[in-house]
Amino acid sequence: MSSKIYLGITMVILLFSLGLRGYLAGMRRPWIDELHTMRVIHEGALPCFSYLQNDVHPPLYFVSFALYVKAFTLLSGKEIGGLKERWIWGLNIMFGLLLIVVLMRIAEMLADRNTALLVGMISVVQVGLLYQTLELRPYILLALCYAGAVLLLMKGKLFSTFWSPLVLVALFLTQYLGIVLLLTIGVACLFPKFRKKNPITKAGLVGLGFSLLLILVNLPLFFYQIMNHYDQTHLMEPSLFFWQHAFIAHFTGHGLALYFPLRQAILAELVTTFFYLVGLVWIIFRKDVSSRIFLVLFVTPLMLLYATSFFHLRLLTYRHVTFVFAASIVIVALGVRALGRLLGKRKIVEGLLVAILLFVLGQPLLYYVLKSQAQENISMKWNNIQSQKGNRLLKK
């Protein structure tokens, strides 16, 4: 496939993704944690540090959100309005689109451009990724930072410049689950093949030192938050039961406040799980360094988190592990491609497999869109009724 065709199709995928997310953003109903994020608009970038002393989240996402709101106000000449304003979700949508680009680049390195385009198409319709993109919380940024770190490692550029190691700081300052991801990257770098592919330059060493300094500066806030505000009551143990339900939640929306019917959710889970297992086997038997890096960096966090379940530690919710299921999109796409090649007439078979997968994943998306429209219509009717009551009272 030529570069022009590939770039053109990629732009179509991103534009469609942008349009779909922008359309659904105007119908979002923020929940209480998102209202907490909205307070940053009134707090500002620097005051939100003091506000976060009463929270358990690092500052990067909230500072970024405050700066985004400030920049939007300066450039547009108007303030972001109420919760119905689509621009509120602009920063998260941008993170979501960048994540799609990074996942496509990873897939291209692991296989080819056709696989990358399939990853892009799955990313558009995968309802879990879409839902997390439209949630005013830091989890989509965590997925983007980790996918970016994996891509840099696969390209051998994680320690090549001053700026590249800063993605490690972003992991820690976005969500404290990033500690597990940093540990994973540290373990991966112990392997000779990984070190050989990612040599540390002088600029990279300075950047790494600066990154560690930024992490150390944030440690007092980290310990204060953990000691005073860490609450396990709404969290779950990362057991096998948790991972199974998290997989259903991200690929079907069942369990992510979308309430997609369980029967259809199970069908979508069976199809995606099948392709996922085929893709996983394909990666395991690959011997190139890029495949090894990808496999280690997305399997090791699962193993580390699962190990904590033996101590009955409550650490996660489904949205915390968005980074895992972003990578699962790549694995599912690889499974479709690998199965198509195994079955012979590649183009016909692959086209049929892609159609089946997109149809199955498209059902929860359609349900989400229709549900959002129904809620919007109910909200508009309710507002009209209240407005008419108010007008009658004013006339009296």
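Structure: above.
Residues numbered from 1 in each chain as written. Predicted model: local features only at pLDDT ≥ 70, side-chain atom pairs only at ≥ 80, totals over all residues. Heavy atoms only, no water.

> Tell me about the nonpolar core, and please be specific about residues and values.
Among the nonpolar cores identified, the biggest contains 112 residues, and I185 and F294 are the most heavily contacted of them. Top element by residues in this core is helix α16 (residues 322–342). It accounts for 14 residues. Residue contacts for F294: discarding those within four places in its chain leaves I106, L110, V150, M154, I283, A327, V330 and I331. Among the nonpolar cores identified, the runner-up in size contains seven residues, and F172, Y176, L221 and F222 belong to it. (Core = buried A, V, L, I, M, F, W, Y, C linked by side-chain atoms within 4.5 Å. Buried < 20%, exposed > 50% of the residue type's maximum accessible area, 1.4 Å probe, protein only. Helix = DSSP H or I, 4+ residues; strand = E, 2+ residues; numbered from the N terminus. Contact = heavy atoms within 4.5 Å.)

> Quick rundown of the packing of helix α9 (residues 166–174) against helix α10 (residues 178–188)? Include the residues and the values.
Contact geometry for α9 and α10: axes closest at 7 Å, N-to-C directions at 150 degrees. As far as their axial angle goes, α10 and α9 are roughly antiparallel. Facing L168, L171 and F172 of α9, the residues of α10 in contact are G178, I179, L181, L182 and I185. Class assignment of the residues belonging to the contact of α9 with α10 gives a composition of seven nonpolar, one polar and no charged. (Axes fitted to C-alpha atoms, helices over the stretch in contact; angles between N-to-C directions. Parallel < 35°, antiparallel > 145°, perpendicular 65-115°, else oblique. Nonpolar A, V, L, I, M, F, W, Y, C, P; charged D, E, K, R; others polar.)

> So what's going on with the packing of aromatic side chains? Residues and values would help.
Tallying each qualifying case throughout the model produces 12 aromatic pairs. Plain terms: the ring middles of Y61 and F62 are 5.7 Å apart, the flat faces sit at 80 degrees to each other, and that makes the pair edge-to-face. Judged by its relative accessible area of 0%, Y61 falls in the buried class. Overall, F62 belongs to the buried group, its relative accessible area being 1%. (Phe/Tyr/Trp six-rings, centres within 6.5 Å; stacked < 30°, edge-to-face > 60°.)

> Can you tell me about a nonpolar patch on the surface, naming the residues and giving the values?
Taken together, the side chains of L183, V187, L190, F191 and L304 define a hydrophobic patch exposed on the protein surface, amounting to about 450 Å² of accessible area. In this structure, L190 sits in the loop between α10 and α11 (192–197). Among the residues examined, L190 registers a relative accessible area of 61% and is labelled exposed. (Patch = residues over 30% accessible without salt bridge, like charges linked within 9 Å, V, L, I, M, F, W, Y side chains within 5 Å. Areas by Shrake-Rupley, 256 points an atom, 1.4 Å probe, with all protein chains shown as cover. Salt bridge = Lys/Arg side-chain N within 4 Å of Asp/Glu carboxyl O.)

> Before we move on, can you summarise helix α6 (residues 113–125) with the specific residues and values?
Helix length check: α6, at 13 residues, gives a terminal C-alpha distance of 19 Å against a target of 18 Å (1.5 Å per residue), a fit within 8%. Along α6, 10 of the 13 residues are buried, which leaves the element largely enclosed by surrounding structure. Where α6 begins, the side chain of D112 points an oxygen toward the backbone nitrogen of N114, at a separation of 3.3 Å. (Expected span 1.5 Å × (residues − 1). Polar contact = N/O pair within 3.5 Å; in protein donor to acceptor, adjacent residues only side chain to side chain.)

> Quick one: what's the story with the pattern of salt bridges, residue by residue and with numbers?
One side chain can pair with another of opposite charge once the charged atoms of both are near each other. Throughout the structure, instances matching the rule amount to five salt bridges. The partner of R113 in a salt bridge is E108, and the shortest N-O contact between them spans 3.2 Å. A salt bridge links D112 to R337; the shortest N-O distance between them is 2.6 Å. In this pair, D112 sits in the loop between α5 (90–110) and α6 while R337 sits in helix α16, placing the two residues 225 residues apart along the sequence. Counted as one network, the salt bridges with shared partners bring together R105, E108 and R113.

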